[in-house]
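# Working through the structure, step by step
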Amino acid sequence: MEIEYTLHPEDFRAFERYHRKLRSAQTQPSLSAALGVLAIVILVGLGLMFAAFFFHGEGFIAFWMGLLSGWLGSGFIQFWWQLCMKRSLHKAQCEDPRSEWAIRDIRVILAPDEVRTISRASTSIYEWSRVWHIGATGKHVFLCITRTTATVVPRRAFRDQQHFEEFIALARQYQQGIDHREPKSTGIITSLPPESNAAIRPDAY
């Protein structure tokens, strides 16, 4: 089966949303991250103890409100900055002429032994053993190749819902059959002797 389509920014955002829900793809916080959070909590606690000791009444409340406002403000700024950076990245992927070759006129070909993705300037071929997860939503199919990347196939690339479901079923059939396929024949006959004019290695004597 073969389909052709062009990716849009919302397709990348859809994969990010789907990827966040995949438990097997989530990363666990490192020990250094946990220790960092613990250190911050201790510092905040010490700061509150210091404020409680030196300030009384309204002074302590003012200190606490300032600390809380600063914490909330910095968190909001970080969230907004990351959101803007993601939007800029998606825009660069889909609208910059230097990147459009990778997302326009993409062809995905499903074969029994491989999945092939062809863009304007490159071809990627993956064995089905490399597709560790096939995810589907109402608008996309995701052929997960690595822990963080996937071949994104939008619903609009198909003729109708039946065509969409046939693609998903065929991909899963090929993926689940990776352990049951017969080895390919090389076409080399090993039982016949070499011809008389064949080259012979010196160390063969």
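Residues numbered from 1 in each chain as written. Predicted model: local features only at pLDDT ≥ 70, side-chain atom pairs only at ≥ 80, totals over all residues. Heavy atoms only, no water.

Across all of its chains, the model carries five salt bridges by this definition. The salt bridge partner of Asp11 is Arg156, with a shortest N-O separation of 2.5 Å. Of the two residues, Asp11 is situated in helix α1 (residues 9–21) and Arg156 in the loop between β7 (150–154) and α4 (161–176); the sequence distance between them amounts to 145 residues. Judged by its relative accessible area of 41%, Arg156 falls in the partly exposed class. Across the salt bridge formed by Glu100 and Arg104, the nearest N and O atoms sit 3.1 Å from each other. Overall, Glu100 belongs to the partly exposed group, its relative accessible area being 27%. (Salt bridge = Lys/Arg side-chain N within 4 Å of Asp/Glu carboxyl O. Helix = DSSP H or I, 4+ residues; strand = E, 2+ residues; numbered from the N terminus. Buried < 20%, exposed > 50% of the residue type's maximum accessible area, 1.4 Å probe, protein only.)

With respect to the secondary-structure elements, His163 resides in helix α4. According to the relative accessible area criterion, His163 is buried, its value standing at 8%.

All right, on to α4 then. Over its 16 residues, α4 runs 23 Å from end to end, which matches the ideal 22 Å to within 8%, given 1.5 Å per residue. Looking at α4, one finds that the buried residues are His163, Phe164, Phe167, Ile168, Leu170, Ala171, Tyr174 and Gln175. In an axial view of α4, the angular spread of the buried residues amounts to 165 degrees, which keeps them on one side of the axis. Opposite the buried face of α4, by more than 90 degrees, sit the exposed residues Gln162, Gln173 and Gln176. Looking at the packing, one finds that the buried side of α4 touches β1 (2–5), β2 (106–111), β5 (133–136), β6 (140–144) and β7. With a side-chain oxygen lying 3.3 Å from the backbone nitrogen of Gln162, the N-terminal cap of α4 falls on Asp160. (Expected span 1.5 Å × (residues − 1). Arc of directions from axis to C-beta. Contact = heavy atoms within 4.5 Å. Polar contact = N/O pair within 3.5 Å; in protein donor to acceptor, adjacent residues only side chain to side chain.)

Its 13 residues place the ends of α1 19 Å apart at the C-alpha level, agreeing with the 18 Å of an ideal helix rising 1.5 Å per residue. All buried positions along α1 are accounted for by Pro9, Asp11, Phe12, Ala14, Phe15, Tyr18 and His19.

So, about the packing of aromatic side chains. Counted by the stated rule, this structure contains five aromatic pairs. Each ring, one from Phe158 and one from Phe164, has its centre 5.3 Å from the other, and the planes form 70 degrees; the classification is edge-to-face. We note that Phe158, like Phe164, is buried. Ring-pair connections join several aromatic residues into one group, and the members of that group are Phe15, Tyr18 and Phe142. (Phe/Tyr/Trp six-rings, centres within 6.5 Å; stacked < 30°, edge-to-face > 60°.)

Right, let's talk about the confidence of the model for the protein for a bit. Across the protein, the average pLDDT comes to 78, with 72% of residues at or above 70. When mean pLDDT is taken per element in the protein, β6 scores highest with 95 and helix α2 (residues 31–54) scores lowest with 72. Low pLDDT (under 50) marks residues 179–205, which in the prediction has six contacts with non-local residues, meaning those over four places away or in another chain. (pLDDT = per-residue confidence, 0-100.)

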